[in-house]
Amino acid sequence: MQAIVEACQAGRIAGQVVGVISNKADVAGLEKAAAAGVPTAVLSHRDYPTREAYDADLQQLIDSFQPDLVVLAGFMRILTPAITRHFHGRMLNIHPSLLPKYKGVNTHQRALDAGDEEHGVSVHFVTEELDGGPVILQAKVPIFPEDTAADLQQRVHTQEHAIYPLVVQWFCTNRLRLTEQGAELDGELLAAEGYAAD
Ligand SMILES: Nc1nc2c(c(=O)[nH]1)N[C@@H](CN(C=O)c1ccc(C(=O)N[C@@H](CCC(=O)O)C(=O)O)cc1)CN2
Ligand SMILES: NCC(=O)N[C@@H]1O[C@H](COP(=O)([O-])[O-])[C@@H](O)[C@H]1O
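Residues numbered from 1 in each chain as written. Chains lettered and ligands numbered in written order. Predicted model: local features only at pLDDT ≥ 70, side-chain atom pairs only at ≥ 80, totals over all residues. Heavy atoms only, no water.

**Let's talk about the overall build of the chain**
Then, in step 1: Check the secondary structure of the chain and you find 6 helices and 9 strands.
Then, in step 2: The C-alpha radius of gyration computed for the chain amounts to 17 Å, which stays within 12% of the reference 16 Å derived for 198 residues, consistent with globular compactness.
Then, in step 3: Along the three orthogonal principal directions, the C-alpha set of the chain runs to about 45 × 40 × 35 Å.
Then, in step 4: Residues counted as buried form 42% of the 198 residues belonging to the chain.
Then, in step 5: Put simply, of all contacts in the chain between residues at least 6 apart along the chain, 53% involve residues at least 24 apart. (Helix = DSSP H or I, 4+ residues; strand = E, 2+ residues; numbered from the N terminus. Rg over C-alpha atoms; globule rule 2.2 N^0.38 Å. Buried < 20%, exposed > 50% of the residue type's maximum accessible area, 1.4 Å probe, protein only. Contact = heavy atoms within 4.5 Å.)

**Overview of the UniProt feature "domain: Formyl transferase N-terminal" (unreviewed entry) in the chain**
Then, in step 1: According to UniProt, the "domain: Formyl transferase N-terminal" (unreviewed entry) feature falls on residues 2-168.
Then, in step 2: A helix fraction of 38% and a strand fraction of 18% characterise residues 2-168, whose end C-alpha atoms lie 13 Å from each other. (UniProt positions renumbered as here; feature names shortened; annotations may be inferred.)

**Observations concerning the site of ligand 1**
Then, in step 1: Neighbouring ligand 1 are 20 residues; Arg-51, Arg-77, Asn-93, His-95 and Thr-127 lie closest to it.
Then, in step 2: In the model, a nitrogen atom of ligand 1 is placed 3.3 Å from a nitrogen or oxygen of the Met-76 main chain.
Then, in step 3: The protein chains hide 82% of the 700 Å² of surface that ligand 1 would expose on its own.
Then, in step 4: It is strand 4 (residues 91-95) that provides the largest number of residues to the shell around ligand 1, a total of 3 residues.
Then, in step 5: Among the residues forming the shell around ligand 1, the class breakdown is 9 nonpolar, 6 polar and 5 charged. (Near = heavy atom within 4 Å. Polar contact = N/O pair within 3.5 Å; in protein donor to acceptor, adjacent residues only side chain to side chain. Areas by Shrake-Rupley, 256 points an atom, 1.4 Å probe, with all protein chains shown as cover. Nonpolar A, V, L, I, M, F, W, Y, C, P; charged D, E, K, R; others polar.)

**A short note on the site of ligand 2**
Then, in step 1: Around ligand 2, the neighbouring residues are Met-1, Ala-73, Gly-74, Met-76, Ile-94, His-95, Pro-96, Gly-104, His-157 and Glu-160.
Then, in step 2: Separating an oxygen atom of ligand 2 from a side-chain N or O atom of His-157 is a distance of 2.9 Å.
Then, in step 3: Here an oxygen atom of ligand 2 sits 2.5 Å away from a polar atom, N or O, in the side chain of Glu-160.
Then, in step 4: In isolation ligand 2 exposes 440 Å². Once the protein is present, 72% of that is buried.
Then, in step 5: Secondary structure elements with two or more residues in the shell around ligand 2: strand 4 and helix 6 (149-172).
Then, in step 6: Within the shell around ligand 2, the residues separate by chemical class into 5 nonpolar, 4 polar and 1 charged.

**Notes on the UniProt feature "binding site: (6R)-10-formyltetrahydrofolate" (unreviewed entry) in the chain**
Then, in step 1: The feature "binding site: (6R)-10-formyltetrahydrofolate" (unreviewed entry), as given by UniProt, occupies Arg-51, Met-76, Arg-77, Ile-78, Leu-79 and Asn-93 in the numbering adopted here.
Then, in step 2: By the element assignment, Arg-51 lies in helix 3 (residues 51-64).
Then, in step 3: If near-sequence neighbours (up to four positions away) are discounted, Arg-51 is found in contact with Arg-77, Ile-78 and Thr-80.
Then, in step 4: Examined against the element boundaries, Leu-79 turns out to sit in the loop between strand 3 (70-72) and helix 4 (81-86).

Below is the structure:
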């Protein structure tokens, strides 16, 4: 989130962060957003009897900011179909794995436990299927024998902060869109693993 706010304020993204919403009050992201002059709001899922009821109010709250794009950055709630449909094609997520590997949580430890030699991060459109939306861009990092999950998370974070602002800029400059065929950049359908630089 911080990387995207900074990229907007530095002019590397042709857009502005109009608001930061969290389902938890005591998170650093809200402090960082407020420090950057970005409006913030908290909507706790604990105040709702069902996911659907929470998501209905979350959708209204998001719409009140009138965003062109919704960017999930550590939003750790599974979204229900109604809200993913409402923001279809204009909601992104960053997931700390090389999707389709390791959907869900605890991805770094899972990669270590599997003995993988590489890991990474994926930026994708959000759809009803958890971490199953069309992948836009991935970045790979090596896994070293002595790595802990924390080592891996830090190496992945560096790549996250590089690629997420890039994808947001693609969307803000109308180069990226989601069609019935999938994610397209400059009118070209992206591969399953996303954009592949030549
Ligand atoms: N319908 C969708 N919802 C969400 C997506 C998506 O692609 N489709 N992406 C996730 C982000 N995410 C991983 O990138 C993710 C977030 C949360 C969970 C999860 O299991 N959440 C638990 C609660 C966990 C907690 O509170 O710590 C839950 O919701 O019960 C898995 C993956 C955002 N949502
Ligand atoms: N499953 C979703 C997930 O694990 N997302 C993770 O939360 C962080 C959000 O970035 P931030 O908190 O630094 O803005 C990122 O590291 C991202 O991989």
